[in-house]
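Geometric and topological summary
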Amino acid sequence: MSQPLLHGAGLGARRSFMSELLSKEDILRLPDFFEVAPENWIGMGGRYAKQLRAYSERFSMVAHGLSLSIGGLKPLDADFLLALKKFINTHHIQCYSEHLSYTGDSGHLYDLLPIPFTESAVNHVAQRVMQVQDVLGQRIALENVSYYAAPCQDLNELEFLLAVLNKADCDLMLDVNNVFVNSINHRFDPYQFISALPKERIRYLHIAGHYVEAEDLRIDTHGDAICDDVWQLLAHTYQQHGVLATLLERDFNIPPLEELLAEVQQIRHYQEQAYV
């Protein structure tokens, strides 16, 4: 089924600033769309549920999963998938994405563990993605994740990612910061990686800050400001694939709302520059 197109600059929704943001009168500075983690909202009632409904009635919304464990060995959580489908329909979610990773074995660990880059893993992940798409009745997007150890690399990261997307016939939620972090940690050219991606599969982008542990080691934290190198890689992404909807992730060390909105405006600046 066809899916709506996102546009503009988005922001990950956080309960700490949702009320403040809804009260803002300068609508031109507000994000164009918001992203929520469904696990943090499914089954919630009361004030927060009403607040989320106010957001989904006013703004475009996307959902980014934390615990589906698409690369895991345990059967997919059927109850969660049904609750997720209801959540997507209730809040008119325009895209559901998950991490190309797994999150544990006997339970949800909420930690992103690397999948071996092998042909058998491609087939395994693709089969599980197709199961999810059948239940939800729509295509999903997979996010390229940061990783610090590779259990097996018969394929490189790019080959593995492309093989999964093609085999599962699903979309890509491209995290530009993760490409940069991995390029430092695993020594590849991030510009070539971005250029090789299939434009037609990219639904939207993530951009975030990371921690510099050492010159050859970056940690994907979502807790720092975006560095110049990542901004430049975002500009390259727009040059290669067009101006795509782009979301700012900030998961901890969350600054005041005005600083977050300033970074959202910076995304818009790069988008406008790409049109020049």
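Residues numbered from 1 in each chain as written. Predicted model: local features only at pLDDT ≥ 70, side-chain atom pairs only at ≥ 80, totals over all residues. Heavy atoms only, no water.

1. Remarks on empty space enclosed by the protein
For the record, the criterion: With a 1 Å grid spanning the protein atoms alone, the term cavity applies to any set of points in which a 1.4 Å probe fits but cannot get out, the term pocket to an open set with protein on both sides within 12 Å along at least five of seven lines, and the term lining residue to any residue with an atom within 4 Å of a point. Grid points are joined across faces, edges and corners, and a volume is the space filled by probe spheres set on the points. Where helices and strands are cited, they refer to DSSP runs of H or I of at least four residues and of E of at least two residues respectively, numbered from the N terminus. Gly counts as polar in this scheme, as do all residues outside two lists: the nonpolar Ala, Val, Leu, Ile, Met, Phe, Trp, Tyr, Cys and Pro, and the charged Asp, Glu, Lys and Arg.
Under the criterion given, the structure shown has 1 cavity of 30 Å³ or more. A total of 3 residues in the lining of the largest cavity trace back to one element, the largest contributor, which is helix 5 (residues 157-168). Counted by class, the lining of the largest cavity contains 8 nonpolar, 1 polar and 2 charged residues.

2. Digging into helix 9 (residues 257-275)
Here is the rule we go by: Helix span, expected: 1.5 Å multiplied by one less than the number of residues in the helix. Relative accessibility thresholds used throughout: buried, under 20% of the residue-type maximum; exposed, over 50%; partly exposed, between the two (1.4 Å probe, protein chains only). What the arc measures is the spread of directions leading from the helix axis to the C-beta atoms.
For helix 9, built from 19 residues, the straight-helix expectation of 27 Å at 1.5 Å per residue is met to within 8% by its first-to-last C-alpha distance of 28 Å. Within helix 9, burial applies to L257, L260, L261, E263, V264, I267, R268, Y270 and Q271. Each buried residue of helix 9 sits inside an arc of 165 degrees when the element is viewed along its axis, so together they form one side.

3. A look at unusual backbone geometry
For H92, which is not glycine, the phi torsion reads 50 degrees and is therefore positive. With respect to the helices and strands, the residue H92 is situated in the loop between helix 3 (78-90) and strand 4 (93-99). Given the relative accessible area of 58%, H92 is considered exposed. The backbone of R187 sits at a positive phi, close to 60 degrees, despite the residue not being glycine. Counting through the fold element by element, R187 comes out in the loop between helix 6 (176-186) and helix 7 (190-195).

4. Some words on the sheet that holds strand 10 (residues 246-248)
Quick note on the threshold: By definition, two strands form a pair when at least two bridges between them are found by DSSP. For every element, the axis is a line fit to its C-alpha atoms; helices are fit only across the contacting stretch, and the angle between N-to-C directions ranges from 0 to 180 degrees. Here, two residues are considered to be in contact whenever any of their heavy atoms come within 4.5 Å of each other.
One closed barrel accounts for 8 strands, arranged 1-2-3-4-5-6-7-10; its pairing is parallel. Pairs of neighbouring strands in the sheet enclose a mean axial angle of 30 degrees, with direction left out of account. In the sheet, strand 2 (residues 33-36) pairs with strand 3 (residues 60-64) via 4 bridges, with the strands oriented parallel. Among the inter-strand pairings, E35 is bridged to a residue of strand 3, identified as V62. The strands touched by helix 3 are strand 2, strand 3 and strand 4; relative to strand 4, the strand with the most contacts, the crossing angle is about 145 degrees.

5. Description of the nonpolar core
Note the threshold: Nonpolar core, defined: a set of buried Ala, Val, Leu, Ile, Met, Phe, Trp, Tyr and Cys residues in which side-chain atoms within 4.5 Å join the residues together.
Ranked by size, the top nonpolar core spans 72 residues in total, and within it L21, Y96, F160 and L174 carry the most contacts. Apart from the residues within four sequence positions on either side, F160 is in contact with L100, I115, P116, F117, T118, A121, V122 and L155. Of all hydrophobic cores here, the second largest spans 9 residues; its members include L6, V62, M173 and L247.

6. So, the pairing of strand 6 (residues 171-175)
Consecutive side chains along a regular strand alternate between the two faces of the sheet. What counts, and what does not: By convention, orient the strands away from the viewer: a clockwise path from the first strand over the helix to the second makes the crossover right-handed.
With 5 of 5 residues buried, strand 6 is to be regarded as a mostly interior element. Along strand 6, one buried face is formed by D171, M173 and D175 and the opposite face, lined by L172 and L174, is buried too. Inspection of the sheet shows strand 5 (residues 141-143) paired to strand 6 by 3 bridges, in the parallel sense. Bridging from a neighbouring strand, L142 pairs with L172 of strand 6. Between strand 5 and its parallel partner strand 6, the chain crosses via helix 5, and the hand of that crossover is right-handed. Relative to strand 7 (residues 202-207), strand 6 is paired through 4 bridges, and the arrangement is parallel. Across the sheet, L174 pairs through a bridge with L205, a residue of strand 7.

7. Focus: the packing of aromatic side chains
Rules: Between rings of Phe, Tyr and Trp, where Trp is taken as its six-membered ring, a pair exists when centres lie within 6.5 Å; planes separated by under 30 degrees are stacked, by over 60 edge-to-face, and by other angles tilted. The rule for a charge over a ring is simple: NZ of Lys or CZ of Arg within 6 Å of the ring centre, and within 35 degrees of the ring normal.
Inspection of the entire model under this criterion finds 8 aromatic pairs. Measuring from centroid to centroid gives 4.8 Å for F34 and F59, while their planes differ by 65 degrees, and the two rings are edge-to-face. Of the two residues, F34 sits in strand 2 while F59 sits in the loop between helix 2 (46-58) and strand 3, which places them 25 residues apart along the sequence. Note on F34: relative accessible area 0%, which makes it buried. Given a relative accessible area of 11%, F59 falls into the buried group. Arranged with centres 5.5 Å apart and planes meeting at 45 degrees, the rings of Y55 and F59 form a pair that is tilted. F59 shares its class with Y55; the two are buried. Ring-pair connections join several aromatic residues into one group, and the members of that group are F34, Y55 and F59. A cation over an aromatic ring shows up here: R15 above the ring of Y48, its NZ or CZ 5.2 Å from the ring centre. For the cation-ring pair, R47 lies above Y48, with the distance from its terminal atom to the ring centre recorded as 4.6 Å.

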